[in-house]
Amino acid sequence: LKMFWFYLPVHLLMEAWLCRSIKVPTTSSQQSFKTDLLNFYHSLILADGKETTIHLLKDIPKRYYFVLEEGRALAPFSITVTPCDVPIEWSILVRKASVSFLGKTTQGDHDTQEVSKSQKAPSMVSTIFNYKGNSVETYMGMSSHSALYMLEFLSTERDTHITVYLTTDTTSGHLYPELPMDPRIDVIGIGHTTVTLTWKHSPSVWQHRENIQYCLLVNEKHNYKSLCAAETAIRSLGMKLPPALALSLSPYLLEPQQVVILSNSELSIINKASSGEVRQICVGTRNTYTVPNLSPSTQYYFDVFVINLLTNASAAYTGTFARTLEEPEPKVAELKDEKVIQVVLDGKKQKSYSLQYQAIHKKIQFTFQMCHGQVQVHITKNGKTVASENISGLRYFSLKGKLLDTYSVQLRSTEKSNSSVKVQVSSPLHKPLFPLLPESLKIKSFSKLRTCNSVTIAWLGTQDESKYCVYKKRIEEDQVWMELQSADRCSSPESRPKSEKVLCKYFYDINLHRAVTTETIKGLDAGTLYLFDVYLFGPSGIPVSYHSKVVKTRKKC
């Protein structure tokens, strides 16, 4: 018998199910009603008490239906439909027999005559609700066991998907978290790179605090009316979301274009794409939050979703938007002849620093000495660009113009970390403050000349007689990278401990091919790493540091 039922066609199985589920008198009018119901055997039954995902093809309607369980009388029900992309059209239709048809014939001949009069009455179809849009909509009504309710969905823009939640149990709580009476998000503070938001608590927080959390969505496009719609939009940008975002927030499933930040029980997922970035920030049950690291003078859209962590169901607050303040004009510092200033640039904020100089000579020279990192230098004369370059060492720009020409210098870090640079402007008539540099600032070591307690290093000199000082520092294997990255090429060697100083010497050679000097440093420990620095001092005493060199002495000799 079980095998027999398994091989029955779908429409016969549905007919059997409907005959069992819908109890009506066995008359020809009843048979007509049941036949009408079976005309929809190709539709699907909507599950009660479960959120169902439905995929819609463009311009092809899709129909679902439901009936009450056997033996139930009139009962309340609710249907919630969540569009996950484009606006859709959906309707609720009810199909039932005439009013007299609904009575049972158990009261004698009079009632029997009433039924016989209505045997030719056709079943009635009426639309009780319809909607078009992309908002989350909930319909609440009363259902009869003798009526068939049909839900019809249509997408006219493109293929899409929606979620539908039907329940006939209104006493055991809600699948979706509740929204407050006023579901708006208030903007209570706006800065150049921050926006502070607040919203009223969901009533669900007080009832199920441990299972509820708020998540924010920040983007530059528009607001989203549901978390489902937001996730669909993020996927359309080519970004892969971790499954069950609200439940697990699993960072190990992220794509390379996603950045995860976890701090103070707050999780942020930043999805980066060519069309902008979308941030998802889950903040627990806090209802006030300051969104950081925004761009100045940019409009952002903010959505807040309250999420039930047990069911993964969510409800959306009414989204808002705000424009961050314009970035203030950078302060302009005046450059004066022969004066050296040092500028520190914030790599994280990527702010520029402006310098201005009014020429008192026709020929001038800008000198930039990088202390740390790398910067972009942009020089204009009377508003026109005359030089633009990224620099990482010592760089001179010799320019020619007229008296009282106005030069502007814009400096910006090219790295995420802070950068530091010294700047000087002077006339070629004045003696330069910075020393004449050799072709290379590299220090060379000779592997064959290494011993257990000494190393030999060499460096290039210039045609000018200058002072060179050598310093050494003992370091560990795990300190090499940090020492090389954090080296300040503008710092004076006088700030270093006296124990690190090895020697100072003067030398030069008119023939640049022979302007090379070597030095053997003795008294070292075997099998030990040392960091060596060479400083070149110019006429004014301003030092220029060669690139640091790490050398390890031999373990055995």
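Cut-offs applied
Residues numbered from 1 in each chain as written. Predicted model: local features only at pLDDT ≥ 70, side-chain atom pairs only at ≥ 80, totals over all residues. Heavy atoms only, no water. Helix = DSSP H or I, 4+ residues; strand = E, 2+ residues; numbered from the N terminus. Buried < 20%, exposed > 50% of the residue type's maximum accessible area, 1.4 Å probe, protein only. Areas by Shrake-Rupley, 256 points an atom, 1.4 Å probe, with all protein chains shown as cover. Pairing = 2+ DSSP bridges. Axes fitted to C-alpha atoms, helices over the stretch in contact; angles between N-to-C directions. Salt bridge = Lys/Arg side-chain N within 4 Å of Asp/Glu carboxyl O. Disulfide = S-S within 2.5 Å. Polar contact = N/O pair within 3.5 Å; in protein donor to acceptor, adjacent residues only side chain to side chain. Contact = heavy atoms within 4.5 Å.

S.K.: Got a sec to walk through the overall build of the protein? Specific residues and values, please.
M.R.: Within the protein one finds 8 helices and 36 strands. In the protein, buried positions account for 43% of the 557 residues. Counting only carbon and sulfur atoms, one obtains 52% of the accessible surface of the protein, whose full area is about 30200 Å².

S.K.: Break down the sheet that holds strand β26 (residues 394-400) for me, with residues and values.
M.R.: With antiparallel pairing, the 4 strands of this open sheet are ordered in space as β21-β28-β23-β26. Edge strands, defined here as strands with exactly one partner in the open sheet, are β21 (340-345) and β26. Mean inter-strand twist for the sheet, computed between neighbouring axes without regard to direction, equals 20°. Pairing geometry for strand β23 (residues 363-372) and β26, over 7 bridges, is antiparallel. Note on β26: the bridge partner recorded for Gln365 is Ser398.

S.K.: An account of the pattern of salt bridges is needed here, citing residue identities and associated values.
M.R.: Per the stated rule, a full pass over the model turns up 13 salt bridges. We note a salt bridge from Lys200 to Asp182, for which the minimum N-O separation is 3.4 Å. Highlighted residues: Lys200 in the loop between β11 (195-199) and α5 (203-207) and Asp182 in the loop between β9 (160-167) and β10 (185-190), separated in sequence by 18 residues. Residue Asp182 is classed as buried on the basis of its relative accessible area, which comes to 19%. Here the residues in one salt-bridge network are Asp182, Arg184 and Lys200, joined through shared partners.

S.K.: Before we move on, can you summarise the pairing of strand β34 (residues 529-537) with the specific residues and values?
M.R.: Counting buried positions along β34 yields 9 of 9 residues, so the element is predominantly enclosed. Neither face of β34 is left uncovered, since the one carrying Leu529, Leu531, Asp533, Tyr535 and Phe537 and the one carrying Tyr530, Phe532, Val534 and Leu536 both have all their residues buried. Sheet topology places strand β31 (residues 466-475) next to β34; 9 bridges connect them, and they run antiparallel. Opposite Arg474, over in β34, you have Tyr530 as the bridge partner. Bridging between β34 and strand β36 (residues 549-552) involves 4 bridges; their strand directions are antiparallel. By the bridge assignment, Phe532 is partnered in β36 with Lys549. Strand direction decides the pairing type here: β34 and strand β35 (residues 543-545), joined by 3 bridges, are antiparallel. Bridge pairing in β35 links Tyr535 to Ser545.

S.K.: Describe the state of the cysteines, naming the residues involved and giving the relevant values.
M.R.: Under the criterion given, the structure shown has 5 disulfides. Here Cys84 pairs with Cys228 through a disulfide, and the sulfurs are 1.5 Å apart. Its S-S torsion of about 105° marks the bond between Cys84 and Cys228 as right-handed, since a negative value means left-handed. In this pair, Cys84 sits in the loop between β4 (75-83) and β5 (88-96) while Cys228 sits in helix α6 (residues 227-236), placing the two residues 144 residues apart along the sequence.

S.K.: With reference to specific residues and values, describe unusual backbone geometry.
M.R.: Phi angles above zero are rare outside glycine, and Asp59 is one such case at about 65°. Considering the arrangement of structural elements, one finds Asp59 in the loop between β2 (50-56) and β3 (62-66). Judged by relative accessible area, Asp59 falls into the partly exposed class, the value being 46%. Despite not being glycine, Asn293 shows a phi value in the positive range, around 55°. Inspection of the secondary structure assignment puts Asn293 in the loop between β16 (288-291) and β17 (299-308). Residue class for Asn293 comes out exposed when judged on its relative accessible area of 61%.

S.K.: Help me get a handle on the side chain of Ser454, residues and values and all.
M.R.: With respect to the secondary-structure elements, Ser454 resides in the loop between β29 (444-445) and β30 (455-460). The exposure class assigned to Ser454 is buried, which follows from its relative accessible area of 8%. Within the local environment of Ser454, its side chain forms a polar contact with the side chain of Thr451, the two groups lying 2.6 Å apart. For Ser454, the contacting residues outside a window of four places in its chain are Leu449, Thr520, Ile521, Lys522, Leu524 and Thr553.

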